[in-house]
Amino acid sequence: MTALLEARDVSRLFPVRGSGSLLRARRMQTAVDQVSIAVQPGEVLALVGESGSGKTTLGRMLLGLTAPSSGQVLYKGQDIAQAPASALRDFRQAVQVVFQDSGGSLNPRHTVAQSIALPLRYNRGLAPEQAEREVDALLEQVHLPPRHFRNRLPHELSGGQRQRVGIARALASQPQVVIADEPVSALDVSVRAQILRLMFDLQQTQRLAYLFITHDLGVVRAFAQRVAVMYQGRIVEQGTADAVLDDPQHAYTRRLLAATPIPDPRRQQLG
Amino acid sequence: MNSGATADAAAPLLDVRHLCVDIAQGPRQLRVVEDVSLQVQRGEAVGLVGESGSGKSMTAFALLNLFPSPLARVAGGEVLLEGRDLARMDAAQLRSVRGARVGMVFQDPSSFLDPLMPVGRQIAEALVAHGQVDGSRARVLELIDLMELPQAAQVALKYPHELSGGMRQRILIAAALAMKPALLIADEPTTALDVTVQAGILKLLTRLRKELDLGLLLITHDLAVIAETCQQVHVMYAGQIVESNAIEPLFDRPAHPYTQGLLRSVLSPQSRAHDLFSIPGGVAIAGQWPSGCRFHPRCPIMRPGLCDTAVPELGSSGQGVDRCHLSGAPEAIHAWG
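All values derive from a computational prediction rather than experimental measurement.

Visitor: Could you give an account of the overall build of chain A, naming the residues involved and the relevant values?
Guide: The helix and strand inventory of chain A stands at 12 helices and 10 strands. Taking 2.2 N^0.38 as the reference for a compact globule, 271 residues should give roughly 18 Å; the C-alpha atoms of chain A span a radius of gyration of 20 Å, in line with that estimate. Counting every position in chain A, which comprises 271 residues, the buried fraction comes to 46%. Look at the contacts in chain A between residues 6 or more apart in sequence, and 67% of them connect residues 24 or more apart.

Visitor: I'd like a description of the nonpolar core, backed by residues and values.
Guide: Residues A:Val177 and A:Phe212 are the most contacted members of the largest nonpolar core, which totals 170 residues. With 7 residues, the single largest contributor to this core is helix H6 (residues 165–177) of chain B. Among all residues touching A:Val177, those that are not within four sequence positions of it are A:Leu4, A:Leu5, A:Val39, A:Ala94, A:Val95, A:Leu208, A:Ala209, A:Tyr210 and A:Leu211.

Visitor: Describe the interface of chain B and chain A, naming the residues involved and giving the relevant values.
Guide: Counting from both sides, the interface comprises 31 residues of chain B and, opposite them, 31 residues of chain A. Residue assignment for the side of chain B that touches chain A shows that the elements contributing at least two residues are helix H7 (195–212), helix H8 (223–229), helix H9 (247–252) and helix H10 (257–264) of chain B. No other element matches the 5 residues that H8(B) contributes to the side of chain B that touches chain A. Residue composition of the side of chain B that touches chain A, by class: 17 nonpolar, 7 polar and 7 charged.

Visitor: Explain the sheet that holds strand S10 (residues 240–246) of chain B to me, using residue names and the numbers behind them.
Guide: Residues and elements named next belong to chain B. The sheet built from 8 strands is open, its strands ordered S6-S7-S8-S3-S9-S10-S12-S11 with mixed pairing. Edge positions in the sheet fall to strand S6 (102–105) and strand S11 (315–317), since each has one partner strand and no second. Along the sheet, successive strands turn relative to each other by an average axial angle of 20 degrees, direction set aside. With 6 bridges joining them, strand S9 (residues 232–237) and S10 adopt antiparallel strand pairing. Bridge assignment links Gln232 to a residue of S10, and that residue is Ala246.

Visitor: Hey, could you go over the packing of helix H11 (residues 251–259) of chain A against H7(B) for me, with residue numbers and the actual values?
Guide: For the pair H11(A) and H7(B), the least separation of the axes is 8 Å and the interaxial angle reads 50 degrees. As the angle between them shows, H11(A) and H7(B) are arranged oblique. As for how H11(A) packs across H7(B), the hand of that crossing is left-handed. Listed contacts from H7(B) to A:Arg255, A:Leu256 and A:Ala259 of H11(A) are B:Val195, B:Thr196 and B:Ala199. Class assignment for the residues of the contact of H11(A) with H7(B) results in 4 nonpolar, 1 polar and 1 charged.

Visitor: Hey, could you go over helix H1 (residues 56–63) of chain B for me, with residue numbers and the actual values?
Guide: Structural remark: α-helix, 3.6 residues per turn; residues separated by three or four positions point the same way. Residue and element names in this part refer to chain B. The buried fraction of H1 amounts to 7 of the 8 residues, a majority that puts the element mostly inside the structure. Turning to H1, its buried residues are Lys56, Ser57, Met58, Thr59, Ala60, Ala62 and Leu63. Phi turns positive, to about 50 degrees, at Asn65, one or two residues after H1.

Visitor: Hey, could you go over the packing of H6(B) against H7(B) for me, with residue numbers and the actual values?
Guide: Residue and element names in this part refer to chain B. At their nearest, the axes of H6 and H7 sit 10 Å apart, and the two run at 20 degrees to each other. On the basis of their axis angle, the class for H6 and H7 is roughly parallel. Relative to H7, the crossing made by H6 is right-handed. Residue-level inspection shows Gly165, Gly166, Gln169, Arg170 and Leu177 of H6 in contact with H7, the latter providing Val197, Gly200, Ile201, Leu204 and Leu208. Across the contact of H6 with H7, the residue classes break down as 5 nonpolar, 4 polar and 1 charged.

Visitor: Pulling in residues and values, what's your account of unusual backbone geometry?
Guide: Residue and element names in this part refer to chain B. You will see that Glu148, though not glycine, has its phi angle at about 65 degrees, which is positive. By the element assignment, Glu148 lies in the loop between helix H4 (136–146) and helix H5 (152–156). Even without glycine at this site, Gln151 takes up a positive phi of about 55 degrees. One can find Gln151 in the loop between H4 and H5. Residue classification places Gln151 among the exposed residues on the basis of 9 C-beta atoms within 10 Å.

Visitor: Residues and numbers for the environment of B:Val195, please.
Guide: As for its placement among the helices and strands, B:Val195 is situated in helix H7. As for B:Val195 and B:Arg28, which are separated by 167 residues in sequence, their C-alpha atoms are 42 Å apart. Ignoring any residue separated from it by four or fewer positions in sequence, one finds B:Val195 in contact with A:His215, A:Asp216, A:Leu256, A:Ala259 and A:Thr260.

Visitor: If you had to explain the environment of A:Ala224 to someone new, which residues and values would you point to?
Guide: Looking at the secondary structure, you find A:Ala224 in the loop between helix H9 (220–223) and strand S9 (226–231). Sequence separation between A:Ala224 and A:Ser69 is 155 residues; the distance between their C-alpha atoms is 29 Å.

Visitor: So, the pairing of strand S3 (residues 45–49) of chain B: which residues are in play, and what are the values?
Guide: Residues and elements named next belong to chain B. Summarising burial for S3: 5 of the 5 residues are buried, a large majority. Burial along S3 is two-sided: Ala45, Gly47 and Val49 facing one way and Val46 and Leu48 facing the other are all buried. Pairing geometry for S3 and strand S8 (residues 215–220), over 5 bridges, is parallel. Opposite Leu48, over in S8, you have Ile219 as the bridge partner. Taken together, the 4 bridges between S3 and S9 define a ladder with parallel strand orientation. Paired with Val46 across the strands is Gln232, a residue of S9.

Visitor: So what's going on with the pairing of S9(B)? Which residues, and what values?
Guide: For a regular strand, side-chain orientation follows a simple rule: the groups alternate between the two sheet faces. Residue and element names in this part refer to chain B. Most of S9 sits out of view: 6 of its 6 residues are buried. Neither face of S9 is left uncovered, since the one carrying Gln232, His234 and Met236 and the one carrying Val233, Val235 and Tyr237 both have all their residues buried. Here S9 hands over to S10 after 2 residues, with Ala238 in that stretch at a positive phi of 50 degrees.

Conventions used here
Residues numbered from 1 in each chain as written. Chains lettered and ligands numbered in written order. Predicted model: local features only at pLDDT ≥ 70, side-chain atom pairs only at ≥ 80, totals over all residues. Helix = DSSP H or I, 4+ residues; strand = E, 2+ residues; numbered from the N terminus. Rg over C-alpha atoms; globule rule 2.2 N^0.38 Å. Buried ≥ 20, exposed ≤ 12 C-beta atoms within 10 Å, placed from the backbone. Contact = placed C-beta atoms within 7 Å. Core = buried A, V, L, I, M, F, W, Y, C linked by C-beta atoms within 7 Å. Nonpolar A, V, L, I, M, F, W, Y, C, P; charged D, E, K, R; others polar. Pairing = 2+ DSSP bridges. Axes fitted to C-alpha atoms, helices over the stretch in contact; angles between N-to-C directions. Parallel < 35°, antiparallel > 145°, perpendicular 65-115°, else oblique. Left-handed = near helix turned anticlockwise from the far one by under 90°.

Note that every value here comes from positions in space, so none of it alone points to a role or purpose.
Rendered as structure tokens:
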């Protein structure tokens, strides 16, 4: 089976700031080091790692926002660096993103409806009045009553509401895979649960695939079928959620599991 | 009680009684914290848990009158620290308490550090501000050491941007503890950090609490963090404490439907898809608290004619107290089914 979205042996190097001079090339740092992962249609793949592990850079490469220094990103088997314009348009519509802070990725001067209408107009080519109806349908889907939310500006929304708008905007393009980069990390526990529930339901009803980037192992098994653990730019462990969480092979995965807080006060005594 | 200068040895380190906080909104006063009472003993970690907008941070600011806005003020109640009422102190008296008897750390370490000053000097500032100039350098190195940061002398010379988020938080804790306070108030100290870094900070706080016999008031939205760190818990909702108990009974037998819902929405690596649970609706905002029990519009066992009209008091149930009309009733034991 051809994977929906695949990174094949990708690496990404960044120049180290301030390291170069007139005569010397800048030193390069490897953010992502020969990584291969694949997202299958309709599956949830969790990409787990801490800040600086390269997981966001990998996500950006899969989105086509950052070009790999080497290796390929394939969409339905086709290298996006060599894809013709029509295939690239396809890719940009089918692969969408939800960021940690949707507030920062929403135009502060656009109303909720305007933000969601943009991909409807440009990715799906809907006429303005069609787009308007579709905006309402999308807002319903993310449980924001259109009547109340259509004309609000981002600063008038709570963190959870902004994240719902971010999800609605991603859904507007009718994607096949959504890359969600820490979509709930900035939210309160109770709101986090609501957003996860929403994302889970959407995945089930729309046969979406997710690449779920997170540092929190707590959400992984409830949400993902497979897990890839990233550490210092490399995938150190990959497998089904059950296998990785019940029988972690890599020392870093074990450390991550031990550090994940559990709502059981009796662990205190174990210290 | 003895009104002398020395505190009663048996009295709690921090005794907050019926604290109320108002925010001025034009001509009217908006009550954001209502009738909050809690105690912290020496060597004890007490958790204050709630969602954004529950008033938990406002409570913390109120303790030291450190409100982020001049519109907020303590509108009632007492804040007794070692027997002295902080709520009645003038600005000069409060300055001698802040940093000296009570230290504070907050969520985002970067915004509390000066980017242009080496971190060692910033720790020393806490000492100098309280007149301890002599030996401050040695004390700073001792503090950095106490924070489990290697090579204290080198770390002291670094600027904040040269340190990781976890190291910056350790520097802030060092500054907060410079004057050997009896109480440390930590407001979401690990929320912006990676889990492995968070685990390190929580472990450090627990070690410091035990070694220095420190009272710790930990404010967070994450019950799992509370479970790992605290002995007592207070759950806040819509400006009020809705449940208080010792850690084990609170996690074993949460009485208030809100606490039960909050506990169920915590995910751990053991959670499965069918565990994805959330309390419907959102936190009511200050000034628009619902009538009766403030949680009633979201409550699965709301009894019409009672919960939406009568205001519940904090009443004892088992070991703890909770603010639910139906506390103890069969349907309230597993409110969410």
